[in-house]
Amino acid sequence: NAPMTFRYLLKQIDELSTFKRTAMPIKGTSRLMISGGRNLQDREFIERIIDLHIQKYGTPQVIIHGAASGADSLVDQIAKSKGIDVISEKVTDADWRRIGPSAGPRRNQYMIDEHSPTHFIAFPGGRGTQDALTRAETANLEVWDFKKYLMEDGSSVNIQDAQLDYDRISDLLH
(Lines give C-alpha, C1' and ligand atoms only; values in the text may rest on other atoms or scores of the structure.)
Protein backbone atom coordinates (compact mmCIF):
# COMPACT_ATOMS: atom_id res chain seq x y z
CA ASN A 1 0.00 0.00 0.00
CA ALA A 2 2.53 2.56 -1.13
CA PRO A 3 1.25 6.13 -1.06
CA MET A 4 1.07 7.89 -4.38
CA THR A 5 2.08 11.47 -4.83
CA PHE A 6 -0.30 14.38 -4.89
CA ARG A 7 0.90 15.23 -8.40
CA TYR A 8 -0.03 11.72 -9.54
CA LEU A 9 -3.60 12.33 -8.33
CA LEU A 10 -3.68 15.62 -10.23
CA LYS A 11 -2.55 13.77 -13.37
CA GLN A 12 -5.37 11.27 -12.85
CA ILE A 13 -7.87 14.10 -12.50
CA ASP A 14 -6.49 15.73 -15.67
CA GLU A 15 -6.95 12.49 -17.57
CA LEU A 16 -10.51 12.22 -16.29
CA SER A 17 -11.50 15.79 -17.03
CA THR A 18 -11.89 16.96 -20.59
CA PHE A 19 -13.30 20.30 -19.45
CA LYS A 20 -11.60 23.27 -21.06
CA ARG A 21 -11.15 26.06 -18.56
CA THR A 22 -11.75 28.66 -21.24
CA ALA A 23 -15.25 27.33 -21.93
CA MET A 24 -18.15 28.62 -19.85
CA PRO A 25 -20.75 25.86 -19.58
CA ILE A 26 -24.43 26.66 -19.34
CA LYS A 27 -25.40 27.69 -15.85
CA GLY A 28 -26.67 24.65 -14.02
CA THR A 29 -29.05 24.28 -11.12
CA SER A 30 -26.51 23.29 -8.49
CA ARG A 31 -25.74 25.43 -5.46
CA LEU A 32 -22.26 24.39 -4.35
CA MET A 33 -20.97 24.70 -0.78
CA ILE A 34 -17.24 24.18 -0.31
CA SER A 35 -15.12 23.83 2.82
CA GLY A 36 -11.41 23.27 3.38
CA GLY A 37 -8.52 24.08 5.65
CA ARG A 38 -6.88 27.41 6.34
CA ASN A 39 -3.48 25.95 5.38
CA LEU A 40 -4.53 24.55 2.01
CA GLN A 41 -2.87 26.61 -0.72
CA ASP A 42 -3.07 24.39 -3.81
CA ARG A 43 -5.21 26.51 -6.14
CA GLU A 44 -4.59 24.16 -9.07
CA PHE A 45 -6.07 21.16 -7.26
CA ILE A 46 -9.10 23.11 -5.99
CA GLU A 47 -9.78 24.50 -9.46
CA ARG A 48 -9.59 21.06 -11.05
CA ILE A 49 -12.17 19.69 -8.63
CA ILE A 50 -14.47 22.67 -9.24
CA ASP A 51 -14.01 22.05 -12.99
CA LEU A 52 -15.10 18.42 -12.51
CA HIS A 53 -18.22 19.66 -10.73
CA ILE A 54 -18.91 22.05 -13.62
CA GLN A 55 -18.39 19.27 -16.14
CA LYS A 56 -20.95 17.10 -14.34
CA TYR A 57 -23.56 19.69 -13.30
CA GLY A 58 -22.89 22.85 -15.31
CA THR A 59 -21.76 26.10 -13.77
CA PRO A 60 -23.22 26.41 -10.26
CA GLN A 61 -25.75 29.14 -9.63
CA VAL A 62 -23.62 30.07 -6.64
CA ILE A 63 -20.64 28.87 -4.62
CA ILE A 64 -21.01 29.18 -0.85
CA HIS A 65 -18.04 29.20 1.53
CA GLY A 66 -17.02 30.25 5.02
CA ALA A 67 -14.72 33.17 4.11
CA ALA A 68 -11.69 31.83 5.97
CA SER A 69 -8.12 32.00 4.72
CA GLY A 70 -6.69 29.10 2.73
CA ALA A 71 -9.17 26.95 0.80
CA ASP A 72 -12.11 29.36 1.17
CA SER A 73 -10.08 32.27 -0.12
CA LEU A 74 -8.89 30.25 -3.12
CA VAL A 75 -12.43 29.04 -3.84
CA ASP A 76 -13.58 32.67 -3.81
CA GLN A 77 -10.89 33.70 -6.31
CA ILE A 78 -11.56 30.72 -8.59
CA ALA A 79 -15.34 31.24 -8.57
CA LYS A 80 -15.02 34.93 -9.38
CA SER A 81 -12.53 34.19 -12.19
CA LYS A 82 -15.15 31.87 -13.72
CA GLY A 83 -17.97 34.39 -13.35
CA ILE A 84 -19.75 32.36 -10.67
CA ASP A 85 -21.70 34.21 -7.98
CA VAL A 86 -20.24 33.79 -4.50
CA ILE A 87 -21.78 33.86 -1.03
CA SER A 88 -19.23 34.08 1.78
CA GLU A 89 -20.29 33.79 5.41
CA LYS A 90 -17.49 35.03 7.62
CA VAL A 91 -17.32 34.43 11.34
CA THR A 92 -15.91 37.70 12.68
CA ASP A 93 -13.61 38.12 15.68
CA ALA A 94 -16.60 39.64 17.48
CA ASP A 95 -18.65 36.51 16.71
CA TRP A 96 -15.91 34.27 18.12
CA ARG A 97 -15.76 36.38 21.30
CA ARG A 98 -19.54 36.63 21.71
CA ILE A 99 -20.52 33.07 20.73
CA GLY A 100 -17.34 31.15 21.49
CA PRO A 101 -16.25 27.85 19.94
CA SER A 102 -19.71 27.14 18.50
CA ALA A 103 -19.47 30.15 16.14
CA GLY A 104 -17.96 28.08 13.31
CA PRO A 105 -20.45 25.20 13.53
CA ARG A 106 -23.34 27.68 13.75
CA ARG A 107 -22.07 29.42 10.63
CA ASN A 108 -21.80 26.05 8.83
CA GLN A 109 -25.42 25.21 9.68
CA TYR A 110 -26.53 28.72 8.71
CA MET A 111 -24.94 28.32 5.26
CA ILE A 112 -26.97 25.14 4.72
CA ASP A 113 -30.24 26.50 6.14
CA GLU A 114 -30.07 29.96 4.58
CA HIS A 115 -28.48 29.29 1.19
CA SER A 116 -29.86 25.81 0.37
CA PRO A 117 -26.80 24.18 -1.24
CA THR A 118 -27.43 21.08 -3.31
CA HIS A 119 -23.81 19.86 -3.41
CA PHE A 120 -20.82 19.96 -1.07
CA ILE A 121 -17.10 19.54 -1.66
CA ALA A 122 -14.78 18.90 1.29
CA PHE A 123 -11.10 19.66 0.82
CA PRO A 124 -8.43 18.79 3.38
CA GLY A 125 -8.95 20.70 6.60
CA GLY A 126 -9.53 20.42 10.29
CA ARG A 127 -12.45 20.35 12.72
CA GLY A 128 -14.38 23.09 10.91
CA THR A 129 -14.22 21.23 7.61
CA GLN A 130 -15.25 18.00 9.32
CA ASP A 131 -18.18 19.79 10.98
CA ALA A 132 -19.32 21.21 7.61
CA LEU A 133 -18.96 17.77 6.01
CA THR A 134 -21.04 16.10 8.72
CA ARG A 135 -23.74 18.76 8.40
CA ALA A 136 -23.76 18.41 4.60
CA GLU A 137 -24.20 14.64 4.89
CA THR A 138 -26.98 15.11 7.47
CA ALA A 139 -28.72 17.53 5.08
CA ASN A 140 -28.47 14.88 2.32
CA LEU A 141 -26.38 17.05 0.02
CA GLU A 142 -24.39 15.28 -2.67
CA VAL A 143 -20.91 15.16 -1.15
CA TRP A 144 -17.53 14.87 -2.84
CA ASP A 145 -15.11 14.18 0.01
CA PHE A 146 -11.50 14.94 -0.88
CA LYS A 147 -10.67 15.56 2.78
CA LYS A 148 -10.44 11.93 3.76
CA TYR A 149 -7.26 10.91 2.00
CA LEU A 150 -5.29 14.05 1.20
CA MET A 151 -2.93 15.52 3.73
CA GLU A 152 -3.81 19.17 4.34
CA ASP A 153 -0.47 20.15 2.80
CA GLY A 154 -1.29 17.99 -0.22
CA SER A 155 1.80 15.84 0.25
CA SER A 156 0.46 12.31 -0.23
CA VAL A 157 -2.61 10.15 -0.60
CA ASN A 158 -3.54 6.59 0.10
CA ILE A 159 -3.70 4.91 -3.31
CA GLN A 160 -6.71 2.71 -2.54
CA ASP A 161 -8.83 5.56 -1.16
CA ALA A 162 -7.80 7.84 -4.03
CA GLN A 163 -8.72 5.17 -6.57
CA LEU A 164 -12.16 4.73 -5.01
CA ASP A 165 -12.92 8.44 -5.32
CA TYR A 166 -11.44 8.60 -8.81
CA ASP A 167 -13.68 5.70 -9.87
CA ARG A 168 -16.71 7.23 -8.18
CA ILE A 169 -16.28 10.57 -9.92
CA SER A 170 -15.51 8.87 -13.21
CA ASP A 171 -18.77 6.92 -12.91
CA LEU A 172 -20.64 10.14 -12.20
CA LEU A 173 -19.29 11.74 -15.36
CA HIS A 174 -20.26 8.89 -17.68
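Our subject is the structure that appears above.
Residues numbered from 1 in each chain as written. Predicted model: local features only at pLDDT ≥ 70, side-chain atom pairs only at ≥ 80, totals over all residues. Heavy atoms only, no water.

(A) Seen up close, the pattern of salt bridges. A complete count under the given rule lists seven salt bridges for this structure. Arginine 48 serves as the salt-bridge partner of glutamate 44, at 2.4 Å between the closest nitrogen and oxygen. With a gap of four residues between them, glutamate 44 and arginine 48 both fall in helix 2 (residues 43-57), about one helical turn apart. According to the relative accessible area criterion, arginine 48 is buried, its value standing at 10%. (Salt bridge = Lys/Arg side-chain N within 4 Å of Asp/Glu carboxyl O. Helix = DSSP H or I, 4+ residues; strand = E, 2+ residues; numbered from the N terminus. Buried < 20%, exposed > 50% of the residue type's maximum accessible area, 1.4 Å probe, protein only.)

(B) Structural view of the sheet that holds strand 2 (residues 31-35). Pairing within the open sheet is parallel, and its five strands lie in the order 4-3-2-5-6. The open sheet has two edge strands with one neighbour each: strand 4 (85-88) and strand 6 (142-145). Shown here is a sheet whose adjacent strand axes are inclined to one another by a mean of 20°, direction ignored. Pairing between strand 3 (residues 62-65) and strand 4: four bridges, direction parallel. Across the sheet, residue valine 62 finds its bridge partner in strand 4, namely aspartate 85. Against the sheet, helix 3 (residues 71-81) contacts strand 2, strand 3 and strand 4, and its axis sits at roughly 165° relative to strand 3. (Pairing = 2+ DSSP bridges. Axes fitted to C-alpha atoms, helices over the stretch in contact; angles between N-to-C directions. Contact = heavy atoms within 4.5 Å.)

(C) How the structure looks around unusual backbone geometry. In the Ramachandran plot, alanine 67 falls in the positive-phi region, its phi being about 60° despite a non-glycine side chain. Mapped onto the elements, alanine 67 comes out in the loop between strand 3 and helix 3. Residue serine 116 is not a glycine yet carries a positive backbone phi of 45°.

(D) The arrangement of the side chain of arginine 107 in detail. Here arginine 107 lies in helix 5 (residues 103-115). No salt bridge forms around the buried arginine 107; measuring N to O, its nearest opposite-charge neighbour aspartate 72 is 5.4 Å away. A polar side-chain atom of arginine 107 sits 3.1 Å from a polar atom in the side chain of asparagine 108. Every residue in contact with arginine 107, bar those within four places of it in the chain, is listed here: Gly66, Glu89 and Val91. (Lys, Arg positive; Asp, Glu negative; His and termini not counted. Polar contact = N/O pair within 3.5 Å; in protein donor to acceptor, adjacent residues only side chain to side chain.)

(E) Looking closely at the layout of surface pockets. In this structure, the largest pocket occupies an estimated 440 Å³ of space. Around the largest pocket sit 22 residues that line it, and Arg38, Arg107, Arg127, Gly128 and Thr129 are the ones nearest its centre. Listed by contribution, the elements that provide at least two residues to the lining of the largest pocket are strand 2, helix 5 and helix 6 (127-138). (1 Å grid on protein atoms, 1.4 Å probe; cavity = no way out; pocket = protein on both sides within 12 Å on 5 of 7 lines; lining within 4 Å. Points joined across faces, edges and corners; volume = space filled by probe spheres on them.)

(F) How the structure looks around helix 5. Compared with the 18 Å implied by 1.5 Å per residue over 13 residues, the 17 Å span of helix 5 between its first and last C-alpha is a close match. Among the residues of helix 5, those classed as buried are Ala103, Gly104, Arg107, Asn108, Met111, Ile112 and His115. Check the buried side of helix 5 and you find it contacts strand 2, strand 3, strand 4, helix 4 (93-99) and helix 6. Positioned one or two residues after helix 5, serine 116 has a phi angle of 45°, which is positive. (Expected span 1.5 Å × (residues − 1).)

(G) Just the packing of helix 2 against helix 3, in detail. Helix 3 packs onto helix 2 with a crossing angle of 55° between their chain directions and a minimal axis gap of 10 Å. By the angle class used here, helix 2 and helix 3 are oblique. Every pair of crossing elements has a handedness; the one defined by helix 2 and helix 3 is right-handed. Packed against helix 2, whose contacting residues are Arg43, Ile46, Glu47 and Ile50, the element helix 3 presents Ala71, Leu74, Val75, Gln77, Ile78 and Ser81 at the interface. Taken together, the residues of the contact of helix 2 with helix 3 break down into six nonpolar, two polar and two charged. (Parallel < 35°, antiparallel > 145°, perpendicular 65-115°, else oblique. Left-handed = near helix turned anticlockwise from the far one by under 90°. Nonpolar A, V, L, I, M, F, W, Y, C, P; charged D, E, K, R; others polar.)

(H) Examining the packing of aromatic side chains more closely. Summed over all chains, the structure comprises four aromatic pairs. A centroid spacing of 5.9 Å and a plane angle of 75° characterise the contact between phenylalanine 45 and phenylalanine 123, whose relative ring orientation is edge-to-face. With phenylalanine 45 in helix 2 and phenylalanine 123 in the loop between strand 5 (119-122) and helix 6, this pair connects stretches of sequence that are 78 residues apart. On the basis of relative accessible area, phenylalanine 123 is assigned to the buried category, the value being 0%. With a centroid separation of 6.5 Å and an interplanar angle of 45°, the aromatic rings of tyrosine 57 and tryptophan 144 are classed as tilted. (Phe/Tyr/Trp six-rings, centres within 6.5 Å; stacked < 30°, edge-to-face > 60°.)

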